[in-house]
Amino acid sequence: MDSGTGGLDGRLPDGTLVAWYGDDFTGAAAVMEVLSFAGLPSVLFVGEPSPERLNKFRAHRCIGIAGTARTRSPEWMDDHLPGAFRLLASLKAPIAHYKVCSTFDSSAEIGSIGKAAEIAAPIFGGSWRPMIVAAPEIGRYQAFGNLFASSGEGTYRLDRHPVMSRHPVTPMAESDVLRHLAQQTSMRLGLIDISDLADGREEAARERELKRGAEIVAIDAMDERTLAKAGRLVWRNRGSGILAIGSQGVEYALIAHWRRSGLLGDGQAALPFSRVERVAVVSGSCSLVTARQIDWASRNNFALLRVNASLAAVPAAWKKEQDRACRKALEELGGGRDPLIFTAHGPDDPAIGEFRDAAAVSGMRTEDMNEAVGTGLGAMLRRIVKRTGISRGVIAGGDTCSHGAAALGAYALTSLAPVAPGGSLCNARSDDADIEGFEIALKGGQMGQSDYFGRIRNGGAKA
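Reference entry: report on the structure contained in this document. (Residues numbered from 1 in each chain as written. Predicted model: local features only at pLDDT ≥ 70, side-chain atom pairs only at ≥ 80, totals over all residues. Heavy atoms only, no water.)

For the rest of this paragraph, the subject is the overall build of the chain. Looking only at helices and strands, one finds 15 helices and 18 strands in the chain. Its C-alpha atoms give the chain a radius of gyration of 21 Å, near enough to 23 Å, the size a compact globule of 463 residues would have. Projecting the C-alpha coordinates of the chain onto the three principal axes gives extents of approximately 65 × 45 × 40 Å. Here the contacts in the chain between residues at least 6 apart in sequence split such that 74% fall between residues at least 24 apart. Accessible area of the chain: about 17100 Å², with a carbon and sulfur share of 50%. The distance from the centre of the 53 positive side-chain charges to the centre of the 53 negative ones in the chain is 3 Å. (Helix = DSSP H or I, 4+ residues; strand = E, 2+ residues; numbered from the N terminus. Rg over C-alpha atoms; globule rule 2.2 N^0.38 Å. Contact = heavy atoms within 4.5 Å. Areas by Shrake-Rupley, 256 points an atom, 1.4 Å probe, with all protein chains shown as cover. Lys, Arg positive; Asp, Glu negative; His and termini not counted. Charge placed at Lys NZ, Arg CZ, Asp CG, Glu CD.)

Here we come to the side chain of R455. By secondary structure assignment, the location of R455 is in helix α15 (residues 452-457). Residue R455 is classed as buried on the basis of its relative accessible area of 16%. (Buried < 20%, exposed > 50% of the residue type's maximum accessible area, 1.4 Å probe, protein only.)

Another aspect to go through is the nonpolar core. Counting residues in hydrophobic clusters, the biggest one holds 83 residues, and the most contacted among them are W20, F25, W258, I341, L381, L413 and I440. Beyond its immediate stretch of four places on either side in the chain, F25 contacts L44, V46, A66, G67, G398, C401, S402, A405, L413 and L442. Core analysis: the second largest hydrophobic core is formed by 48 residues, Y21, A120, M172 and M187 among them. (Core = buried A, V, L, I, M, F, W, Y, C linked by side-chain atoms within 4.5 Å.)

Before going further, it helps to examine the pattern of salt bridges. For the structure on display, the rule yields 33 salt bridges. Close ionic contact of D431 with R53 constitutes a salt bridge, the shortest N to O distance being 2.2 Å. Of the two residues, D431 sits in the loop between β17 (425-429) and β18 (439-443) while R53 sits in helix α2 (residues 51-56), which places them 378 residues apart along the sequence. Of the residues examined, D431 reaches a relative accessible area of 62% and is grouped as exposed. Close ionic contact of R275 with E277 constitutes a salt bridge, the shortest N to O distance being 3.5 Å. On the basis of relative accessibility, which here comes to 48%, the residue R275 falls in the partly exposed class. Note on E277: relative accessible area 55%, which makes it exposed. Connected through shared salt-bridge partners, D196, D199, R201, R208, E209 and R212 make up one network. (Salt bridge = Lys/Arg side-chain N within 4 Å of Asp/Glu carboxyl O.)

Let us look at the sheet that holds strand β6 (residues 140-143). With antiparallel pairing, three strands are arranged side by side in an open sheet as β6-β7-β8. Each edge of the open sheet is held by one strand with a lone partner, namely β6 and β8 (155-157). Direction aside, neighbouring strands of the sheet carry axes that sit 25° apart on average. Bridge analysis of β6 against strand β7 (residues 146-150) gives four bridges, and the strand direction is antiparallel. Within β7, the residue paired with Q142 across the bridge is L147. (Pairing = 2+ DSSP bridges. Axes fitted to C-alpha atoms, helices over the stretch in contact; angles between N-to-C directions.)

As a further point, take the environment of L381. Among the structural elements, L381 can be located in helix α13 (residues 366-388). Sequence separation between L381 and A329 is 52 residues, and the spatial gap between their C-alpha atoms is 9.6 Å. Filtering out sequence-adjacent residues up to four positions away, L381 remains in contact with A280, V282, V394, I395, L408, F438 and I440.

Before going further, it helps to examine the packing of aromatic side chains. For the structure on display, the rule yields nine aromatic pairs. Members of the aromatic cluster, each reached through a chain of ring pairs, are Y21, F85, Y98 and F124. Over the ring of W128 we find R206; its NZ or CZ atom is 4.9 Å from the centre of that ring. (Phe/Tyr/Trp six-rings, centres within 6.5 Å; stacked < 30°, edge-to-face > 60°. Lys NZ or Arg CZ within 6 Å of the ring centre and 35° of its normal.)

With respect to burial, strand β1 (residues 18-22) is a largely interior element, five of its five residues being buried. Because side chains alternate across β1, one face comprises the buried residues V18, W20 and G22, and the other comprises A19 and Y21, equally buried. Of the pairings in the sheet, the one linking β1 to strand β3 (residues 62-66) comprises five bridges and is parallel in character. Residue W20 lies in a different strand from β3, and its bridge partner there is G64.

Right, let's talk about helix α14 (residues 398-408) for a bit. Counting buried residues in α14 gives 10 out of 11 residues, a clear majority hidden from the surface. Among the residues of α14, G398, D399, T400, C401, S402, H403, G404, A405, A407 and L408 are the ones counted as buried. Check the buried side of α14 and you find it contacts α1 (25-36), α13, β15 (392-396) and β18. Two residues or fewer past α14, G409 is found with a positive phi of approximately 105°.

Turning our eyes to something else, we now look at the environment of L243. Looking at where L243 falls in the secondary structure, it is placed in strand β11 (residues 242-246). Residue L243 is classed as buried on the basis of its relative accessible area of 1%. Residues L243 and W128, 115 residues apart in the sequence, show an inter-C-alpha distance of 7.9 Å. The contact partners of L243, leaving out residues within four places of it in the chain, are A96, H97, Y98, A120, A121, F124, W128, R129 and P130.

Attention shifts here to the pairing of strand β16 (residues 412-417). Regular strands show a simple pattern: their side chains alternate between the two faces of the sheet. Of all the six residues making up β16, six are buried; the element is thus mostly covered by neighbouring parts of the structure. Bridge count between strand β2 (residues 42-46) and β16: two bridges; the pairing is antiparallel. Each bridged residue has a counterpart across the sheet, and for L44 the counterpart in β16 is L413. The sheet contact formed by β16 and β17 spans five bridges and is antiparallel.

Next up on the list: the packing of helix α3 (residues 74-90) against helix α4 (residues 113-124). Orientation of α3 relative to α4, taken along the N-to-C sense of each, is 30°, at an axis distance of 9 Å. Crossing of α3 over α4 shows right-handed handedness. Only K115, A116, I119, A120, I123 and F124 of α4 make contact with α3, whose side of the interface consists of P74, M77, D78, L81, P82, F85, R86, L88 and A89. Its residues assigned to classes, the contact of α3 with α4 comprises 12 nonpolar, no polar and three charged. (Left-handed = near helix turned anticlockwise from the far one by under 90°. Nonpolar A, V, L, I, M, F, W, Y, C, P; charged D, E, K, R; others polar.)

Right under this line is the structure:
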């Protein structure tokens, strides 16, 4: 343990500072966004990078891998996570981070955070594993272990949230993050609550929880002050390296502490980005937030093109559906409108039930159907880009982004400009000259203003 500085000279240590794995693409990109715009050059790889690709970016201060664990089974995690974790551990960053959704959506069967922690613990080592899910910057708060999330109407306890309590894959029926996590792991859990932070007892509370045998210790946060205290606690007790679990709140907390202690400046100024004439959007999101963004787009020169995702159960039929949508998108672009290809319009869309029924009849696993849909949407965007040369696009939906970015042909992303928290504009890195440098926004279902798609088109300005 040290005094909280990066070393005797009060600097952050050299080399890789943060190494993270995101359990979906939008979440992984949100970590890159927070770090990059704080002035720490960061890169996000689409899956495990080859040694050659990793070496191209070794000068970056923070390195991440975007995965798909949020939609995967524990068996899939056993097969795929150890290699990614060992690669990140080889970077010897003082902070390793398993990034989960800021609404903690997961279950013992799908996207198990507990299972991922069990795999990661022996690889990264350390005497404790802090967990920070709260991120007040994006409307996520935790008090006495209970998680709250904002939506358009207000802030809700997670089990009463109008979207997350009805999530189509992992509905959240429990707001207590430790109760929820206990259903996924036998690792012992502890909590440093908001009263510990308010009274300055966080160090004593950490020792208390470790003496009780806690292996994962959740830390409450409600505002910038408590978030900075959480960051200080993690940084001071990182030892030779620590595994943190949580949302981008982990990075918000560390940055808040680093700034308060003089280890990091105020970050880079927001870079301007220009308006473009045309954008293309593909969306696999079922969220109410995205539905409102689709409604706005319909009134503002976007052409809404629905695709039947249930056809993903039959590959030949799904291919024909993609061909049809691409032809129509090209027609709309030629006529001066921005195509928005979507699979659902909010959580009550009958298409969601049709999708589930198609999966059941076909015998396909839901996760495989979701992969087919996300891959198809990304492939459609790639075809549109290569045919038209448009320079900017959007993929909406956390699961969709995970598969769609790979189908687009990107092997890595770097941050370009902030648009909305959790939905910044990025540059794609690709071996395909038509995709290299393509400007892509990856938007989770809960992220962005109602005019988000217009802001992407208009250079960030309110549309």
